[in-house]
Amino acid sequence: MDLITQPPPVRQLEPGSKLTVRPGRSNAHIHELDKAVFGDSARPGIISADRDRDVVPTLERMRIEQLSISYGAKQAVRSVSLPVRQGEVLALIGPSGCGKTTLLRSLNRLTELTAGAALSGRVTLDGTDIAELEPTALRRRVTMVFQQPNPFPMSIFDNVAYVLREQARRKPRRASLRPHVEEVLARAGLLDEVRDNLDHPALRLSGGQQQRLCIARALAANPEVLLLDEPCSALDPQSTKVIEELIVRLREEVAVVIVTHNLQQAHRIADHVAFMYLGELIEYAPAGALFSAPREQRTKEYVSGAFG
Amino acid sequence: MSRQTAVQPSVSWRLSDRLGLAMAWSMGLLFCLVCGAIVAYLLVQGVRYLHPDLLWTNPRVASGQNDTGGFLAPLLGTILVTSVAMALATPIGVGVAVWLSEYARPRPLARVVESTVEMFAGAPSVVLALFGVILFRASFMGFLTEKNGGVVYGKGFFPAGAMLSLLALPLVVTSVREGLRAIPNHVREASYALGKTKIATIRRVLLPAVRPDIITGSMIGAGHAIGDTAIIVILLGDTFQLQGAGGVPLLGTLRGTGSTLTSYVFDNAPTGDLNQPNKAFAAALVLLAMVLVINVLVDVFGRRTREQKWT
């Protein structure tokens, strides 16, 4: 932590220890709602009031140090420092235009595609400065899922195989790709639904299935970090639930960073939450603590719905 | 009033509005009438004179309309010259569209290319034909056409097809560029975010996504190229039969001269050199049928492939 000049208040978790989150009032009410929608079979788990799930061992994958990003005269991100760990979900929350999406996109250098974007500070991936990595190599290790489900106009199989095909020097045979494609689809919780239709056009899937396919596509390269930019905002509640459960499961294999407008969602799935406002990181804390006992006034106001 | 409706009954309108409505209706009906009359007349005349053997026999020089043969050579000529035109216009058009939509740097050059494409779309084909004559008569272009004693005439399927492709090019470019514009930017970013280069993204994601637009654009372009006459008369030679240049079979034919249905109709129209209206109507019907078939194909194909898109 000493590398970070302004260390964020991180609660260090002992591997294997149990993190019990005190339920906030709003959360209990969600559980009631949930029961009303899904009946008593609503599994106490992610979408439940008493979220005491197992804490998986964490491993720091990325470290954001004093990162500032500006578009021309407009400063989008101001000197943000954050750790990104495998084994936990990091949620970035904050009102529109607070820089959370810009911050997310800078983690795999997608910000470079925007003309006029200037960046200072440092982001490391497993100790290496990402500015020194080849962008294409970096983006295979830090993949991204977008707000709108956007499968490519090809078959389900080809969408997942897309990453594998081009990065290989010789075009691999379909048969040799199949086990990996199926495994990735299984990790994304989609295999059972599409096993017999791998050759169907991906754009015929439902919105929720499309988004899970996009997650599978992002997992196909075996990334270390998975970035999610409001992945559920275009989906219905049932699909959202499926994807939230998936995200929580995935955090054991990859570091997950999610941008969300939905505070309940952040509360349900995140282990750590970073609240941003006007480009600054206002508060970074374990999810339960940030929602039930925010230290900063602005966090308190935002979380309680005073603005945003 | 008991119920408010979105469309007011026209009885309550002012006189000028009602007159306007009547005008709009009558103009629309008149247009349909003119269009229907042309098709009906062509159909009646064409069916009367169109015997199947006209499609199988070549034109001949003779005195009576019964002895001058059919229009096999012009029909083949139409298919050949349109194929040459589209073989050139489709790849070039797709390339131009991709460059305009995905690169377009430097900006001034992109603007010049855009106005050039628009200029081709509006240029009279006879102007292009004239330019083609100058271009393909140059001795360094001689390998594309038949030579007679070292003199390059610059007439043949290659020159005609090349100039026709300029006619079809804007339609391909416009269609493909619209298709590319309709792809949301986050789809491109999704590909970059998987570590793909721009070239890989264009080849593997964007071009497959605009395949329907490529097909639609080239079919509309082909429909346009089929109907042109000026370029054919000036650059294809407008000869009775296909006159190959010898050598390799298909290549020789393409280097040689010929005619198309349009130039055949042009010659056989009552005001033309040959004045054989029966043949003109029969050939015109075939020409119209070809264009109609293309339009229907575009429509059916377009409707079938539009269903799946991103939000």
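Residues numbered from 1 in each chain as written. Chains lettered and ligands numbered in written order. Predicted model: local features only at pLDDT ≥ 70, side-chain atom pairs only at ≥ 80, totals over all residues.

**Student:** Can you break down the overall build of chain A residue by residue, with the values?
**Tutor:** Looking only at helices and strands, chain A has 11 helices and 10 strands in total. Classification of the 308 residues of chain A by burial places 46% in the buried group. (Helix = DSSP H or I, 4+ residues; strand = E, 2+ residues; numbered from the N terminus. Buried ≥ 20, exposed ≤ 12 C-beta atoms within 10 Å, placed from the backbone.)

**Student:** How would you sum up the overall build of chain B? Please name residues and give values.
**Tutor:** On a plain count of helices and strands, chain B comes out with 13 helices and 2 strands. Seen along its three principal axes, the alpha-carbon backbone of chain B occupies a region of about 75 × 65 × 35 Å. Considering chain B as a whole, with its 311 residues, one finds that 38% of them fall into the buried category.

**Student:** Account for unusual backbone geometry, with residues named and values stated.
**Tutor:** A cis amide bond, omega -10 degrees, links Arg105(B) with the succeeding residue Pro106(B). The residue Pro106(B) is located in the loop between α3 (72-103) and α4 (107-122) in this model. Notably, Arg109(A) is not glycine yet its phi reads approximately 60 degrees, a positive angle. Turning to its location among the elements, Arg109(A) is positioned in the loop between α2 (100-106) and β4 (117-125). A positive phi is found at Asp126(A), a non-glycine position, where the angle reads about 50 degrees. When you line up the elements, Asp126(A) lands in the loop between β4 and β5 (128-129). Look at Asp126(A) and you get partly exposed, because 13 C-beta atoms sit within 10 Å.

**Student:** Please provide a residue-by-residue account of the nonpolar core, values included.
**Tutor:** Judged by nonpolar contacts, the single largest core of 130 residues is most densely connected at Ala216(A), Val225(A), Ile247(A), Val256(A), Val257(A), Val273(A) and Ala168(B). With 15 residues, helix α6 (residues 157-181) of chain B is the single largest residue contributor to this core. The contact partners of Val256(A), leaving out residues within four places of it in the chain, are Val89(A), Leu90(A), Leu226(A), Leu228(A), Ile247(A), Leu250(A) and Arg251(A). Among the nonpolar cores identified, the runner-up in size contains 18 residues, and Leu261(B), Phe266(B), Ala282(B) and Ala284(B) belong to it. (Core = buried A, V, L, I, M, F, W, Y, C linked by C-beta atoms within 7 Å. Contact = placed C-beta atoms within 7 Å.)

**Student:** If you had to explain the interface of chain B and chain A to someone new, which residues and values would you point to?
**Tutor:** Facing the 19 residues of chain B at the interface are 26 residues of chain A. Secondary structure elements with two or more residues in the side of chain B that touches chain A: α7 (185-192) and α8 (198-209) of chain B. Split by residue class, the side of chain B that touches chain A holds 11 nonpolar, 5 polar and 3 charged. (Nonpolar A, V, L, I, M, F, W, Y, C, P; charged D, E, K, R; others polar.)

**Student:** Could you give me a rundown of the confidence of the model for chain A, with the residues and numbers involved?
**Tutor:** All names here are of chain A. Here chain A averages 82 in pLDDT, while 80% of its residues score no lower than 70. In this model, residues 1-31 is a region of pLDDT below 50 whose contacts with residues beyond four sequence positions or in other chains number 42 contacts. Across residues 41-50 the pLDDT falls below 50, and counting only partners more than four positions away or on other chains, this stretch makes 17 contacts in the model. (pLDDT = per-residue confidence, 0-100.)

**Student:** Hey, could you go over helix α5 (residues 174-187) of chain A for me, with residue numbers and the actual values?
**Tutor:** Residues and elements named next belong to chain A. The end-to-end C-alpha distance of α5, which contains 14 residues, comes to 20 Å, matching closely the 20 Å that a straight helix rising 1.5 Å per residue would cover. Residues Val181, Val184 and Leu185 constitute the buried set of α5. Just downstream of α5 lies Gly189, where phi reads positive at about 65 degrees. (Expected span 1.5 Å × (residues − 1).)

**Student:** Break down helix α5 (residues 125-137) of chain B for me, citing the residues and quoting the values.
**Tutor:** Residue and element names in this part refer to chain B. For α5, with 13 residues, the first-to-last C-alpha span of 18 Å sits near the 18 Å given by 1.5 Å per residue. By the burial criterion, the buried members of α5 are Ser125, Leu128, Ala129, Gly132 and Phe136. Buried positions in α5, seen along its axis, are confined to an arc of 100 degrees and lie on one side of it. The exposed residues of α5 that point more than 90 degrees off its buried face are Val127 and Ile134. Buried residues along α5 sit against α6 and α10 (230-236). (Arc of directions from axis to C-beta.)

**Student:** Give a detailed account of the confidence of the model for chain B, specifying residues and quantitative values.
**Tutor:** Residues at a pLDDT of 70 or more form 94% of chain B, whose mean pLDDT is 87. Here the predicted complex scores 0.80 on pTM and 0.79 on ipTM.

**Student:** Can you break down the packing of α5(B) against α6(B) residue by residue, with the values?
**Tutor:** All names here are of chain B. It is the contact of α5 with α6, at a shortest axis distance of 10 Å, that shows an interaxial angle of 140 degrees. As judged from the angle between their axes, α5 and α6 are oblique. Seen from above, α5 lies across α6 with right-handed handedness. Of α6, the residues touching α5 (which contributes Ser125, Leu128, Ala129, Gly132 and Phe136) are Pro159, Ala162, Met163, Leu166 and Leu167. In terms of residue class, the contact of α5 with α6 is made up of 8 nonpolar, 2 polar and no charged. (Axes fitted to C-alpha atoms, helices over the stretch in contact; angles between N-to-C directions. Parallel < 35°, antiparallel > 145°, perpendicular 65-115°, else oblique. Left-handed = near helix turned anticlockwise from the far one by under 90°.)

**Student:** I'd love a proper account of the domain arrangement of chain B, names of residues and values included.
**Tutor:** Residues and elements named next belong to chain B. On domain assignment, one finds that chain B holds domain 1 (12-46) and domain 2 (50-305). Taken over C-alpha atoms, the centre of domain 1 sits 33 Å from the centre of domain 2. Taken together, the 4 residues of domain 1 in the interface contact 6 residues of domain 2. (Domains from an automatic or database assignment.)

**Student:** Outline the pairing of strand β10 (residues 280-286) of chain A, listing residues and values.
**Tutor:** Residue and element names in this part refer to chain A. Direction of pairing for strand β9 (residues 272-277) relative to β10: antiparallel, over a ladder of 6 bridges. Within β10, the position partnered with His272 by the bridge is Pro286. Connecting β9 to the next strand, β10, in antiparallel fashion are 2 residues, including Leu278 with a positive phi near 50 degrees. (Pairing = 2+ DSSP bridges.)

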